[in-house]
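# Inside the fold
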Amino acid sequence: MTEIQTENQMRVVLADDAVLLREGVRSLLEDEGISVVASVGDGGELLRAVAELRPTLAIVDVRMPPTHTTEGLEAALAIKRRFPDIGVLVLSQYVLREYATELLSTESVGVGYLLKNRVTDIDRFLESVHRIAEGGTVIDPDVVRQLLTTSERQNTLSTLTPRESEVLEAMAEGLSNRGIGERLFVSVSSVEKAISAIFDKLGLQAGETTSRRVEAVLAYLNRE
């Protein structure tokens, strides 16, 4: 049967050497009405598929053949450098902070880093896929929580109020101001005030809001 695609239908390339996971994600996406235009098993195939098909989004495993170290991450970063408008969602088995920060440091839109077990939460996984495809940023909540654990980071962020810390954590997960407000049951204006205070306390100078937002998250992620 020939698949009928609409002009605005999301188109995805999947890259994972684990066939069962890859096919499971394919099934989830296609049930959502998302077109999976290619499904590949290594970084080289991924880059060729993206260059040829120009999808909306690439979903990429961090570790792929031949060395199963960072081939997927390197391919994801290459995609963002060459095709900045294509969203990239990296999936990982483990919490690896440097991968999240390196993706955010590309200074481009539409990036995400999730743990693979997040795929089992179908609604949240699909929400993340849509958010990244629309240019948003998504960082796994477990990664965010781990980043708050060391003493130096706690000292650096100790000037933030509990509410500001909650807002910054939600920012790192990629939530919009409205999304943060809905999670924390506060108004959008309260969220905006908290974000402004965060910028001030982290020493981020006035400028383009989106850039300062990314800088705040990077400051949050990069603490040792």
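See the structure shown above.
Treat the numbers as computed from the prediction; the structure is a model and nothing was measured. (Residues numbered from 1 in each chain as written. Predicted model: local features only at pLDDT ≥ 70, side-chain atom pairs only at ≥ 80, totals over all residues. Heavy atoms only, no water.)

## Here's the deal with the pattern of salt bridges
Put simply, the test is: Any carboxyl oxygen of Asp or Glu that lies within 4 Å of a side-chain nitrogen of Lys or Arg is treated as forming a salt bridge with it. Under the scheme used here, helices are H or I runs from DSSP no shorter than 4 residues and strands are E runs no shorter than 2 residues, and both carry numbers assigned from the N terminus. Burial status follows relative accessibility: with a 1.4 Å probe on protein chains alone, a residue under 20% of its type maximum counts as buried, one over 50% as exposed, and anything between as partly exposed.
Taken as a whole, this structure holds 6 salt bridges when the rule is applied. For the salt bridge of Glu23 with Arg26, the shortest nitrogen-to-oxygen distance reads 3.2 Å. One end of the pair, Glu23, and the other, Arg26, are both in helix 1 (residues 19–31), 3 residues apart, so they sit about a helical turn from each other. The class for Glu23 is partly exposed, based on a relative accessible area of 34%. Residues participating in the shared-partner salt-bridge network are Asp16, Asp61 and Lys116.

## Points about unusual backbone geometry
The residue Arg54 is not glycine, and still its phi comes out positive at about 45°. Mapped onto the elements, Arg54 comes out in the loop between helix 2 (43–53) and strand 3 (57–61). Relative accessible area serves as the criterion here: at 49%, Arg54 is assigned to the partly exposed category. The phi dihedral of Phe185 falls on the positive side, at around 60°, and the residue is not glycine. By the secondary structure assignment, Phe185 is in the loop between helix 9 (177–184) and helix 10 (188–201).

## Side note on the pairing of strand 4 (residues 87–92)
The line we're drawing: Should DSSP find at least two bridges between two strands, the strands are taken to pair. The path from the first strand over the helix to the second decides the hand: if it runs clockwise while the strands point away from the viewer, the crossover is right-handed.
Among the 6 residues in strand 4, 6 count as buried, and that is most of the element. Inspection of the sheet shows strand 3 paired to strand 4 by 5 bridges, in the parallel sense. When the bridges of strand 4 are listed, Ile59 appears paired with Leu89. For the crossover from strand 3 across helix 3 (residues 71–82) to strand 4, the handedness is right-handed.

## A short note on a negative patch on the surface
Just so we agree on the cut-off: The patch calculation keeps residues exceeding 30% relative accessible area without a salt bridge and links them within 9 Å when they carry like charges or within 5 Å when they are nonpolar (Val, Leu, Ile, Met, Phe, Trp, Tyr). Residue burial considers only the protein chains on display, and all accessible areas are found by Shrake-Rupley using a 1.4 Å probe. Positive charges come from Lys and Arg, negative ones from Asp and Glu, while His and the chain ends are left out of the count. A charged residue contributes its charge at one atom only: NZ of Lys, CZ of Arg, CG of Asp or CD of Glu.
A cluster of acidic side chains, namely Asp31, Glu32, Asp121 and Asp123, defines a negative patch on the protein surface. On the secondary structure map, Glu32 appears in the loop between helix 1 and strand 2 (35–40).

## Focus: the nonpolar core
Under the convention used in this document: Think of a nonpolar core as a cluster: buried Ala, Val, Leu, Ile, Met, Phe, Trp, Tyr and Cys residues, connected wherever their side-chain atoms sit within 4.5 Å.
By size, the foremost hydrophobic cluster in this structure holds 21 residues, and its most contacted members are Leu46, Val50, Ala58, Ile79 and Val90. Looking at this core, the elements with two or more residues in it are strand 1 (11–15), strand 2, helix 2, strand 3, helix 3, strand 4 and strand 5 (111–115). The next biggest cluster of nonpolar side chains, apart from the first, holds 19 residues, and it includes Leu57, Leu114, Phe125 and Leu126.

## Some details on the packing of helix 1 against helix 5 (residues 122–133)
Rules: As a rule, the C-alpha atoms of each element are fitted with a line to give its axis, helices using only the stretch in contact, and angles between N-to-C directions run from 0 to 180 degrees. An angle counts as roughly parallel when it lies under 35 degrees, as roughly antiparallel when it exceeds 145, as roughly perpendicular when it falls between 65 and 115, and as oblique in every other case. A contact between two residues is defined here by any heavy atoms of the two lying within 4.5 Å.
Here helix 1 crosses helix 5 at 75°, and the two axes come no closer than 11 Å. Our classification of the angle between helix 1 and helix 5 gives roughly perpendicular. Across the interface between the two elements, Val25, Leu28 and Leu29 from helix 1 touch Ile122, Phe125, Leu126 and Val129 from helix 5.

## Notes on the sheet that holds strand 3
Strand order in the open sheet made by the 6 strands is 2-1-3-4-5-6, with parallel pairing throughout. The two strands at the open ends of the sheet, each matched to only one other strand, are strand 2 and strand 6 (137–139). On average, each strand axis in the sheet is tilted by 20° relative to the strand beside it, whichever way the strands run. With 5 bridges joining them, strand 1 and strand 2 adopt parallel strand pairing. Its bridge partner lying in strand 2, Arg11 is registered against Ser35. Running at roughly 150° to strand 2, helix 2 makes contact with strand 1, strand 2 and strand 3 of the sheet.

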